[in-house]
Amino acid sequence: QVQLVESGGGLVQAGGSLRLSCAASGRTFSWYTMAWFRQAPGKEREFVARITWNTGNLYYADSVKGRFTISGDNAKNTIYLHMNSLKPEDTAVYYCSLGDSWGQGTQVTVSS
């Protein structure tokens, strides 16, 4: 069983920055891919970014490429999402995932 806990969301003005964290527990995940997704009101959940631990491979959705950076700290079993140049359309609940496990989400609101 994997537990994922996100934190770091909040309210920020357009152009600002936030850093989200996702702490994993319950299973060693060094060989797995972890990802961030988001879901805006009235919309489907969409992929944002992913990191593969054993290869260091990173992948981003086109909508966040160049603005968001995913990183991880293996010793802390934690991944991060560094979000810069935030836009109102980035407003959503952000979730991290590992396999079929999901966190509870953290709200990000970007005001114009």
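As shown above, the structure is provided for reference.
Residues numbered from 1 in each chain as written. Predicted model: local features only at pLDDT ≥ 70, side-chain atom pairs only at ≥ 80, totals over all residues. Heavy atoms only, no water.

Is there a simple way to explain unusual backbone geometry in this structure?
Peptide bonds are, in most cases, trans, and in most cases residues other than glycine have a negative phi. Positioned with a positive phi, Asn 77 is a non-glycine residue whose angle comes to about 50°. With respect to the helices and strands, the residue Asn 77 is situated in the loop between β7 (68-73) and β8 (78-83). (Helix = DSSP H or I, 4+ residues; strand = E, 2+ residues; numbered from the N terminus.)

Explain the pattern of salt bridges to me, please; I cannot follow it from the model alone.
Applying the stated criterion across every chain yields a total of four salt bridges. We note a salt bridge from Arg 38 to Asp 90, for which the minimum N-O separation is 2.9 Å. Linking Arg 38 in strand β4 (residues 33-39) with Asp 90 in the loop between β8 and β9 (92-98), this pair joins segments that are 52 residues apart in sequence. This pair shows no difference in class: Arg 38 is buried, exactly as Asp 90 is. In this structure, Asp 90 and Arg 67 form a salt bridge, with 2.7 Å as the shortest nitrogen-oxygen distance. Highlighted residues: Asp 90 in the loop between β8 and β9 and Arg 67 in the loop between β6 (58-60) and β7, separated in sequence by 23 residues. By relative accessible area, Asp 90 is classed as buried at 1%. (Salt bridge = Lys/Arg side-chain N within 4 Å of Asp/Glu carboxyl O. Buried < 20%, exposed > 50% of the residue type's maximum accessible area, 1.4 Å probe, protein only.)

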